[in-house]
Amino acid sequence: MKFIKISLIIGLLSLTVGFFGFIAILWKYSPDLPSYDSILNYKPDLTSRVYTSDGILLKSFYVKERIYVPINRIPKNIINAFVSAEDKKFFSHFGIDIVAIVRAIITNFFSIYNDSKLIGASTITQQVVKNLLLTNEVSYERKIKEILLAIRIENILDKNQILELYLNDIYLGFGSYGIASASLNYFNKSLNDLDLHEVAFLAALPKAPNNYHPINKYEEAFKRRNWVINKMYENGYIGKEDSNFKNKSIKINKRTKLIFNEADYYYEEIRKNLYKKYGKNKLYSEGLVVKTSIDTKLQKVANESLINGLISYDKRHGWRGPIDNIDIVQFKNKIDIYKSKNPFPNNWIPVILTNVDKNNLETFDQYDRNLKIDLSIKQNDWIKNVEFNIGDIVFIENIDNHYAIRQLPDVNGAILVLDPHTGNILSMTGGFSYKLSEFNRSTQAKRQPGSAFKPIVYIAALKEGYS
């Protein structure tokens, strides 16, 4: 009996000390707690997208690439996987897991002396609080604030609202914020198309995405993924037959984006107008969806017409000489300089001449490929009387399996195509190469009057009685 009385007294004293300690903590830290308005009025950074008139993506603008998905559209197995991996008591606790906190305190007490890695005990609610309201500072003060705020948040948001914030905000590596963008960036799939082993892999990432990189640290990623599958089984979310998914390899499928990349001048004009009208924050963070009047077929035709027209005009004025004349070692050392002068890196190739014949030139490119130029083909007629030298640096382009020599035109120009009935701009090409010059000659260059001045002269003549 005496032992029981002593135990009860010690227990009551511990409870009293704990209660007053908790009150003291509230008294000290409550005034300094940040407002949780940012959670109640949460506005995630979303990607703004600009589309062509035929629905092809022209450009995305974002600070953090995120696709926000409401909780009712997130598949149940994704929720189950993240809860199993991060907070199995999520649906039953009040913001914090007391047992986990006590276990972490005891474990970390011994870890400090053993110089072992410290463990955490953060619930999903605490992670939401830390990500949206606090910093990543490692300190007991920050942890106390995190706990207090987590308890408060649980009283004003329901579990589904907290999960929605968590699954859309969390960083999962590969430049992915939220599960929707991660699903696309890792597997090129929508959330509904993910298999169990892929879901489990995503759920393995919140702890430390770089530590479970599927390429650089495959073994660690594979083990962590299978650990999540085991947890899902232990928590009753999947059956024993689903353990077969642990044998699946982690295959990353690069995200494919259907983007129209041939309208740099056009999209830059759109960007400047959106920036001026809506401001940086709205353009890069509020998920604008913009449909333009650009016609992709006309844009391609305009680009080709201007480039071919300028090249043809330049050819009529003759060859102005090579870019440089050096040896192969210098050519390789200076390759970045020649790349910077290349207007079309996907088509034009900087090469060095290694052998010169009357009708044939032999060259090397940066990859040591021996590329031969036939001077007798039609595309090279304009330089048939030019004398080339070994060591000359020139640009070439593959046309119908033959290499044609190119030079940068001295002249430049622009094409603007619009619908006369609506004023819609259907295509815009502001120069020979956006890479070499972002100056948009269709909107920024001063116009020469040209034939536009003729009506003024003609009207004056008609007024004077000329027929």
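Quick caveat, the model's predicted, so the values are computed rather than measured. (Residues numbered from 1 in each chain as written. Predicted model: local features only at pLDDT ≥ 70, side-chain atom pairs only at ≥ 80, totals over all residues. Heavy atoms only, no water.)

Looking only at helices and strands, one finds 15 helices and 11 strands in the protein chain. Counting only residues that meet the buried cut, the protein chain has 40% of its 467 residues in that class. Within the protein chain, residue pairs in contact and separated by at least 24 positions form 65% of the contacts whose partners lie at least 6 positions apart. Carbon together with sulfur atoms contributes 54% to the accessible area of the protein chain, which is approximately 27,600 Å² in total. (Helix = DSSP H or I, 4+ residues; strand = E, 2+ residues; numbered from the N terminus. Buried < 20%, exposed > 50% of the residue type's maximum accessible area, 1.4 Å probe, protein only. Contact = heavy atoms within 4.5 Å. Areas by Shrake-Rupley, 256 points an atom, 1.4 Å probe, with all protein chains shown as cover.)

It is worth spelling out empty space enclosed by the protein at this point. Taken as a whole and assessed by the stated rule, the structure comprises one cavity of 30 Å³ or more. The volume enclosed by the largest cavity comes to roughly 40 Å³. Considering the residues around the largest cavity, the lining is formed by Ile311, Asp314, Lys315, Trp382, Ile405, Arg406 and Gln407. Those elements giving two or more residues to the lining of the largest cavity turn out to be helix H12 (296–316) and strand S9 (402–406). For the lining of the largest cavity, the element with the most residues is H12, which contributes three residues. In terms of residue class, the lining of the largest cavity is made up of three nonpolar, one polar and three charged. (1 Å grid on protein atoms, 1.4 Å probe; cavity = no way out; pocket = protein on both sides within 12 Å on 5 of 7 lines; lining within 4 Å. Points joined across faces, edges and corners; volume = space filled by probe spheres on them. Nonpolar A, V, L, I, M, F, W, Y, C, P; charged D, E, K, R; others polar.)

Okay, helix H9 (residues 196–203) next. Counting buried positions along H9 gives eight out of eight residues, so the element sits mostly inside the fold. For H9, the set of buried residues is Leu196, His197, Glu198, Val199, Ala200, Phe201, Leu202 and Ala203. Here the buried face of H9 lies against helix H3 (76–86), helix H8 (179–187) and helix H10 (218–234).

For the rest of this paragraph, the subject is the sheet that holds strand S1 (residues 48–51). Spatially, three strands are ordered S2-S1-S3 in an open sheet, and the strand pairing comes out mixed. Every interior strand has two partners, whereas the edge strands, strand S2 (57–61) and strand S3 (289–291), have only one. Averaged over neighbouring strand pairs, the angle between their axes works out to 15° when direction is ignored. Bridging between S1 and S3 involves three bridges; their strand directions are parallel. (Pairing = 2+ DSSP bridges. Axes fitted to C-alpha atoms, helices over the stretch in contact; angles between N-to-C directions.)

Looking now at the packing of H3 against helix H7 (residues 159–169). For any two helices packed against each other, one specifies the inter-axial angle together with the distance between the axes. Relative to each other, H3 and H7 sit at 85°, their axes nearing to 12 Å. Here H7 runs roughly perpendicular to H3, going by the angle between their axes. Contacts from Ile79, Phe82, Val83 and Glu86 in H3 reach Leu163, Tyr166 and Leu167 in H7. For the contact of H3 with H7, the per-class residue count stands at six nonpolar, no polar and one charged. (Parallel < 35°, antiparallel > 145°, perpendicular 65-115°, else oblique.)

As a further point, take the environment of Ile124. With respect to the helices and strands, the residue Ile124 is situated in helix H5 (residues 124–133). Residue contacts for Ile124: discarding those within four places in its chain leaves Phe82, Val83, Glu86, Asp87, Phe90, Ile162, Leu163 and Tyr166.

Evaluation of the coordinates by the stated rule reveals 17 aromatic pairs. Considering the side-chain rings of Phe187 and Phe201, the 6.0 Å spacing of their centres and the 80° angle between planes classify their relative orientation as edge-to-face. Residue Phe187 is located in helix H8, and its partner Phe201 is located in helix H9; the two are separated by 14 residues in the primary sequence. In this structure Phe187 comes out as buried when scored by relative accessible area, which is 3%. (Phe/Tyr/Trp six-rings, centres within 6.5 Å; stacked < 30°, edge-to-face > 60°.)

As defined by bridge partners, strand S5 (residues 348–356) adjoins strand S8 (residues 392–399) across five bridges and the pair is classed as antiparallel. Residue pairing across strands places Ile349 opposite Ile396, the latter belonging to S8. Between S5 and strand S6 (residues 360–364), which pair antiparallel in sequence order, lie three residues.

Counting 48 residues, the largest nonpolar core has Ile74, Ile78, Phe82, Leu167, Ile179, Phe201 and Leu202 as the members making the most contacts within it. For this core, the secondary-structure elements that each account for two or more residues are H3, H5, helix H6 (140–156), H7, H8, H9 and H10. (Core = buried A, V, L, I, M, F, W, Y, C linked by side-chain atoms within 4.5 Å.)

A few words on a nonpolar patch on the surface. Taken together, the side chains of Phe453, Ile456, Val457 and Tyr458 define a hydrophobic patch exposed on the protein surface, amounting to about 420 Å² of accessible area. By the element assignment, Ile456 lies in helix H15 (residues 454–463). Assessed through its relative accessible area of 52%, Ile456 is described here as exposed. (Patch = residues over 30% accessible without salt bridge, like charges linked within 9 Å, V, L, I, M, F, W, Y side chains within 5 Å. Salt bridge = Lys/Arg side-chain N within 4 Å of Asp/Glu carboxyl O.)

Moving on, we get to the packing of H3 against H10. Between H3 and H10, the least distance of the axes is 9 Å, while the angle of their chain directions is 100°. With respect to H10, the element H3 is oriented roughly perpendicular. When H3 is examined against H10, the residues Asn77, Asn80, Ala81, Ser84, Ala85 and Glu86 are found in contact with a partner set consisting of Arg224, Trp227, Val228, Lys231 and Met232. Split into classes, the residues belonging to the contact of H3 with H10 amount to five nonpolar, three polar and three charged.

On to the pattern of salt bridges, then. In this structure the tally under the stated criterion is 15 salt bridges. With a closest N to O distance of 3.0 Å, Glu198 and Lys189 form a salt bridge. For Glu198, a relative accessible area of 6% translates into the label buried. Between Asp314 and Arg320 there is a salt bridge, with its nearest N and O atoms 2.8 Å apart. Here the salt bridges share partners, and the residues they tie into one network are Lys189, Asp195 and Glu198.

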